[in-house]
Amino acid sequence: MASSNGDVRNLTEVRMSQMVLPCHANHRGQLSTGQLLKWIDTAACLSAERHAGCPCVTASMDDIYFEHTISVGQVVNLKTKVNRAFNSSMEVGIHVTSEDLCNGNEWKVCQAFATFVAQPQGNKKVKLKPVTPASEEENLEHSIAAERRRMRLVHTDNIKDLLTRSTQTDERSKEKGTNGGVPAEKTRVESVELVLPPHANHQGNTFGGQIMAWMENIATIAASRLCHAHPTLKIIEMFHFRGPSQVGDRLILKAIVNNAFKDSMEVGVCVEAFCHDVCVYPEGI
């Protein structure tokens, strides 16, 4: 499909603009990160489903660095498109900018890459058609998407290895005491969310953006307990969804500050889904 200026437009490209209203904002009058994650997931999923021609679910979201905050009254512009398709999964590139309608200024907020998996219909296996780059920029993204996929596949193993090797170090730290620091347990936060119909997507599963929003909220509470202030979320490390949850499930969210640095801290968050008081699978980061 050609655009008005003669360029060939990616058929999976989705553009979405949202006005930031008070109901989307936090206590500072700025767009909450959780709401932004919902919009990102919505637009990215639409791109994935345009390419797949069937329902898709969020498998993971790569690291995101937020360069600017967005205030009430400003506009959020999102552009998403499929960079490359593999067997049943695909990478969706996401670009977010904000716009001030009063002076016309526009600036970059963040860039992200999400992985979506096409859901088979019945017993039919999904084999996605390849993506054909239509520009030099798309050709570059298509090329490096394979390397990003490789890095995602080894990410889980690297984290497991890191946790194993750090166990002895943690035990030695406990023996030495906190040295005047704040015990990690004091930052622990646990919450429960009942998945209701408004939280579900068109497939009846819990909307990935909603889960990410709940995770952002509980992470902020844990961080606030350490610094006794209202911190700003700057970086999200990879979200990894291990399985779906559905309406009626209860999601148990847990967050704790892992470590604190000079003017920042790392908060770990995980989510478990329970159905009829039985834990069926974990999901989160």
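Here is what the cut-offs are and how they apply
Residues numbered from 1 in each chain as written. Predicted model: local features only at pLDDT ≥ 70, side-chain atom pairs only at ≥ 80, totals over all residues. Heavy atoms only, no water. Helix = DSSP H or I, 4+ residues; strand = E, 2+ residues; numbered from the N terminus. Buried < 20%, exposed > 50% of the residue type's maximum accessible area, 1.4 Å probe, protein only. Areas by Shrake-Rupley, 256 points an atom, 1.4 Å probe, with all protein chains shown as cover. Core = buried A, V, L, I, M, F, W, Y, C linked by side-chain atoms within 4.5 Å. Contact = heavy atoms within 4.5 Å. Salt bridge = Lys/Arg side-chain N within 4 Å of Asp/Glu carboxyl O. Axes fitted to C-alpha atoms, helices over the stretch in contact; angles between N-to-C directions. Parallel < 35°, antiparallel > 145°, perpendicular 65-115°, else oblique. Left-handed = near helix turned anticlockwise from the far one by under 90°. Expected span 1.5 Å × (residues − 1). Patch = residues over 30% accessible without salt bridge, like charges linked within 9 Å, V, L, I, M, F, W, Y side chains within 5 Å. Polar contact = N/O pair within 3.5 Å; in protein donor to acceptor, adjacent residues only side chain to side chain. Pairing = 2+ DSSP bridges.

### Notes on the overall build of the protein chain
Point 1. Across its full length, the protein chain carries 3 helices and 12 strands.
Point 2. Within the protein chain, the fraction of its 285 residues that count as buried is 39%.
Point 3. When the accessible area of the protein chain is evaluated, it comes to approximately 16100 Å², of which 53% is carbon and sulfur surface.

### Details of the nonpolar core
Point 1. If you look at the biggest cluster of nonpolar residues, it comprises 54 residues, and the most contacted ones within it are Met 61, Val 76, Met 90, Ile 94, Val 96 and Phe 116.
Point 2. With residues up to four places along the chain from it excluded, the contact list for Met 61 reads Ile 40, Asp 41, Ile 94, Ala 112, Phe 113, Ala 114, Met 212, Met 238 and Phe 239.

### Section: the pattern of salt bridges
Opposite charge on two side chains permits pairing when their charged atoms draw close.
Point 1. A complete count under the given rule lists 10 salt bridges for this structure.
Point 2. Salt-bridge contacts for Arg 150 lead to Glu 147; the nearest nitrogen and oxygen are separated by 2.7 Å. Pair noted here: Arg 150 and Glu 147 are both in helix α2 (residues 136–176), with a separation of 3 residues, about one helical turn.
Point 3. Glu 272 is the salt-bridge partner of Lys 254, the closest N and O atoms lying 4.0 Å from each other. One end of the pair, Lys 254, is in strand β10 (residues 250–260); the other, Glu 272, is in strand β11 (residues 265–275), and 18 residues separate them in sequence.
Point 4. Here Glu 272 falls in the partly exposed class, since its relative accessible area comes to 24%.
Point 5. A cluster of three or more residues bridged by salt bridges with shared partners is formed by Asp 62, Glu 91, Glu 141, Arg 148 and Arg 152.

### Focus: the packing of helix α1 (residues 33–52) against helix α3 (residues 208–227)
Point 1. The N-to-C vectors of α1 and α3 enclose an angle of 160 degrees; their axes lie 8 Å apart at closest approach. Overall, the two elements α1 and α3 adopt an arrangement that is roughly antiparallel. Relative to α3, the crossing made by α1 is right-handed. Contacts between α1 and α3 involve Thr 33, Gly 34, Leu 37, Lys 38 and Asp 41 from the first element and Gly 208, Gly 209, Gln 210, Met 212, Ala 213 and Glu 216 from the second.

### Points about α3
Point 1. Between its terminal C-alpha atoms α3 stretches 29 Å, which fits the 28 Å expected from 20 residues at 1.5 Å a residue.
Point 2. In terms of burial, α3 is largely enclosed, as 15 of its 20 residues are buried.
Point 3. Immediately beyond the C-terminal end of α3, within one or two residues, lies His 228, with a positive phi of roughly 55 degrees.

### Description of the environment of His 95
Point 1. Its location among the elements puts His 95 in strand β5 (residues 89–99).
Point 2. Beyond its immediate chain neighbours, meaning those up to four positions away, His 95 contacts Asn 77, Leu 78, Lys 79, Lys 108 and Cys 110.

### Here we look at a nonpolar patch on the surface
Point 1. Residues Met 19, Leu 21 and Leu 101 make up a contiguous nonpolar surface patch of about 260 Å² in total accessible area.
Point 2. Summarising the element assignment, Leu 101 is placed in the loop between β5 and β6 (106–118).
Point 3. Under the relative-accessibility criterion, Leu 101 is labelled partly exposed at 49%.

### Quick look at the side chain of Thr 187
Point 1. Mapped onto the elements of the fold, Thr 187 is located in the loop between α2 and β7 (189–194).
Point 2. From its side chain, Thr 187 meets the backbone nitrogen of Val 257 in a polar contact 3.0 Å long.
Point 3. Not counting the four nearest positions on each side in its chain, Thr 187 is found in contact with Ala 222, Arg 225, Leu 226, Ala 255, Ile 256 and Val 257.

### Remarks on the pairing of strand β2 (residues 56–61)
Point 1. Of all 6 residues that make up β2, 5 are buried, and the element is covered over most of its length.
Point 2. Two strands pair when backbone bridges link them, and β2 and β6 are joined in this way by 5 bridges, in the antiparallel orientation. What sits directly across from Val 57, in β6, is Val 117.
Point 3. In the sheet, β2 pairs with strand β9 (residues 239–240) via 2 bridges, with the strands oriented antiparallel. Residue pairing across strands places Ser 60 opposite His 240, the latter belonging to β9.

### Some words on the side chain of Glu 138
Point 1. With respect to the helices, strands and loops of the structure, Glu 138 is situated in helix α2.
Point 2. Assessed through its relative accessible area of 10%, Glu 138 is described here as buried.
Point 3. Within the structure, the side chain of Glu 138 is placed 2.9 Å from the backbone nitrogen of Ala 134, a separation counted as a polar contact.
Point 4. Leave out the neighbours within four places in its chain, and Glu 138 touches Asn 10, Lys 81, Thr 132 and Pro 133.

Limitation: the analysis is restricted to geometry and does not speak to function.
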